Amino acid sequence: MEAPVVTRLRDLLEGGIADGSLGTGAKIPTERALSDTLRASRTAVRAALAELEREGRITRHVGRGTFLAELEGDPDAPARARTPLQTSPAEIMATRLVLEPEVAALAARHATQADIEHVQHCLRRGDATATYEEFEAWDSALHRAIATAAHNGLLLRLFDTMNAARDLPVWGSIKRRSASPERRRGYERCHGEIVAALVERDPDAARDHMRRHLVDVRTNLLGAP
C-alpha cells in the first residue's frame, strides 16, 4: 500500500534537506508541481501542506509561496518524536505544567518578529476553525510555535516528545469527551492572553497565563487535583 501523501511529502522535503537542495527558508515547489511529483491530487497535496504547516515544518505566505521553516536542532526531531509513548493523560498534563510555562517565558524573551507573526497566525487560524479536529490541530500548532520561539533546541526536542502524546488514542478520547463550546471559548481567551504577553515581551505574564491555561485544561480533562 502506498504511503499517505503527507508522509511522502515529508520524506520528499527531508530528502531535500539531506542532500542540501533545501535549507532553512528555502521556497518549496508549488502545489501543482508537488501534485505531479507525488502523483496525488491537488486537494490531497493541499491537505498535506496544511498538516506540515501545523507541525511547524513549513510556512505559507499569500502571494509569495511556501517555505521550509526553521527547525531548531535536528530537522528530523519532530518526526522522530511522534513514536508511540507509554504514558497517561495525568502524566502528560504534569509534564506540560513543568515545561510549557517556562518555555512561554523564554519565548517572550527570545522570539523574533517572524516568530511572533507565526504564533499570531496559528492563533487566528485556530479561532477561525469550524470543527473540533481543526481547532485541536491549530491548538497543537500554536503551542509548538511558542516552543519554537524560545530558540532552545533541547527544550524543543523535549516539547516534541511530550507533544507526540497528543496523538495517543487515550488522549484524543478524553479530550473529545471533555470538549464543549464554552470550554473552547475559554481556551481561545487563554491563548489570546498568552500571545498578548509574547507581543508585549513580558516573560512573567507569559509564564502565568500559560500556567493558568494548562491548569484549566487539566481540570477540564481530569477534574480538580
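None of these values were measured; they are calculated from a predicted model.

**Q** Is there a simple way to think about the overall build of the protein in this case?
**A** Along the backbone of the protein there are 11 helices and 2 strands. Since a compact globule built from 225 residues should have a radius of gyration of about 17 Å, the 17 Å found for the protein is in line with a globular shape. If you line up the protein on its principal axes, its C-alpha atoms span 50 × 40 × 30 Å. A burial count over the protein gives 48% of its 225 residues as buried. A separation threshold of at least 6 residues defines the contact pool for the protein, and within that pool the share at least 24 residues apart is 73%. For the protein, the exposed area adds up to about 11300 Å²; of that, 53% sits on carbon and sulfur atoms.

**Q** Please explain helix H11 (residues 203-222) as it appears in this structure.
**A** Quick reminder: α-helices carry 3.6 residues per turn. Residues three or four places apart thus point the same way. Over its 20 residues, H11 runs 28 Å from end to end, which matches the ideal 28 Å to within 8%, given 1.5 Å per residue. Those residues of H11 that fall on the buried side of the exposure criterion are Pro203, Ala205, Ala206, Arg207, His209, Met210, His213, Leu214, Val217, Asn220 and Leu221. Against helix H5 (89-110), helix H7 (132-149), helix H9 (169-178) and helix H10 (181-199) lie the buried residues of H11. Two to three positions downstream of the cap, the backbone nitrogen of Asp204 sits 3.3 Å from a side-chain oxygen, assigning the N-cap of H11 to Asp202.

**Q** Please explain the pattern of salt bridges as it appears in this structure.
**A** Proximity of charged atoms lets side chains of opposite charge pair with each other. All chains considered together, the criterion is met by 10 salt bridges. Ionic pairing is found between Glu14 and Arg57, a salt bridge with its closest N-O pair at 2.8 Å. With Glu14 in helix H1 (residues 5-19) and Arg57 in the loop between helix H3 (42-55) and strand S1 (58-61), this pair connects stretches of sequence that are 43 residues apart. The same class applies to Glu14 and to Arg57, which are both buried. Three or more residues are tied together by salt bridges with common partners; here these are Glu31, Arg42 and Arg46.

**Q** Quick question: what am I supposed to make of the packing of H3 against H7 here?
**A** Each pair of packed helices can be described by the angle between their axes along with the distance between the axes. Orientation of H3 relative to H7, taken along the N-to-C sense of each, is 40 degrees, at an axis distance of 7 Å. With respect to each other, H3 and H7 are oriented oblique. When H3 is examined against H7, the residues Glu53, Arg54 and Glu55 are found in contact with a partner set consisting of Ala137, Trp138, Ala141 and Arg144. Considered class by class, the residues forming the contact of H3 with H7 number 3 nonpolar, no polar and 4 charged.

**Q** I tried to follow the confidence of the model for the protein on my own but got confused; where do I start?
**A** Any residue range with low pLDDT should be treated as having predicted coordinates unsuitable for detailed reading. In this model, the protein carries a mean pLDDT of 85, and residues with pLDDT of at least 70 account for 90%. Within the protein, the lowest mean pLDDT, 44, falls on helix H4 (residues 77-81), and the highest, 97, falls on H10. Counting contacts from residues 72-84, a segment whose pLDDT is below 50, to residues more than four positions away or on other chains yields 24 contacts.

**Q** Any chance you could explain the state of the cysteines here in plain terms?
**A** In protein chemistry, a disulfide is the covalent bond that joins the sulfur atoms of two cysteines. This structure, assessed with the given rule, holds 0 disulfides. The thiol of Cys190 is unpaired, and the distance to the nearest cysteine sulfur, on Cys122, comes to 17 Å. Residue classification places Cys190 among the buried positions, given a relative accessible area of 8%.

**Q** Where do I start with the side chain of Glu100 in this structure?
**A** Residue position: Glu100 is located in helix H5. With a relative accessible area of 3%, Glu100 lands in the buried category. With near-sequence residues (within four places) excluded, Glu100 lies in contact with His143, Phe159, Met162, Met210 and Leu214.

Reading the values: rules and limits
Think of each chain on its own: its residues are numbered from 1, step by step along the sequence as written. Local features in this predicted model are restricted to residues of pLDDT 70 or higher, and side-chain atom pairs are both shown and tallied only at a pLDDT of 80 or more, whereas totals for entire chains, interfaces and linings draw on every residue. Hydrogens and water molecules were not included; the side-chain quantities draw on all heavy atoms of the structure. Elements are defined by DSSP. Helices are runs of H or I of four residues or more, strands are runs of E of two residues or more, and each kind is numbered from the N terminus. Both definitions apply: the radius of gyration is a C-alpha atom measure, and the globule rule equals 2.2 Å times residues to the power 0.38. Categorising residues by exposure relies on relative accessible area from a 1.4 Å probe, with only protein chains included: less than 20% of the type maximum marks a residue as buried, more than 50% marks it as exposed, and the intermediate range marks it as partly exposed. Contact between two residues is taken to exist if any of their heavy atoms lie within 4.5 Å; hydrogens are not considered. Using the Shrake-Rupley algorithm and a 1.4 Å probe, accessible areas are obtained, with residue cover drawn only from the displayed protein chains. In a helix, the anticipated span is given by 1.5 Å times the number of residues less one. Polar contacts, as used here, are pairs of N or O atoms within 3.5 Å; protein pairs need one atom able to donate a hydrogen and one able to accept it. Residues neighboring in sequence count only if both atoms are side-chain atoms. We count a salt bridge whenever a side-chain nitrogen from Lys or Arg sits within 4 Å of a carboxyl oxygen from Asp or Glu. The axes used here are C-alpha line fits, helices contributing only the stretch in contact, and every angle between their N-to-C directions lies in the interval 0 to 180 degrees. Each angle receives one of four descriptions, namely roughly parallel if under 35 degrees, roughly antiparallel if over 145, roughly perpendicular if within 65 to 115, and oblique otherwise. Under the convention adopted here, Pro, Cys and the residues Ala, Val, Leu, Ile, Met, Phe, Trp and Tyr are nonpolar, Asp, Glu, Lys and Arg are charged, and Gly plus all remaining residues are polar. On a scale of 0 to 100, pLDDT captures the predictor's confidence in every residue. Pairs of cysteine sulfur atoms within 2.5 Å are what we label disulfides.

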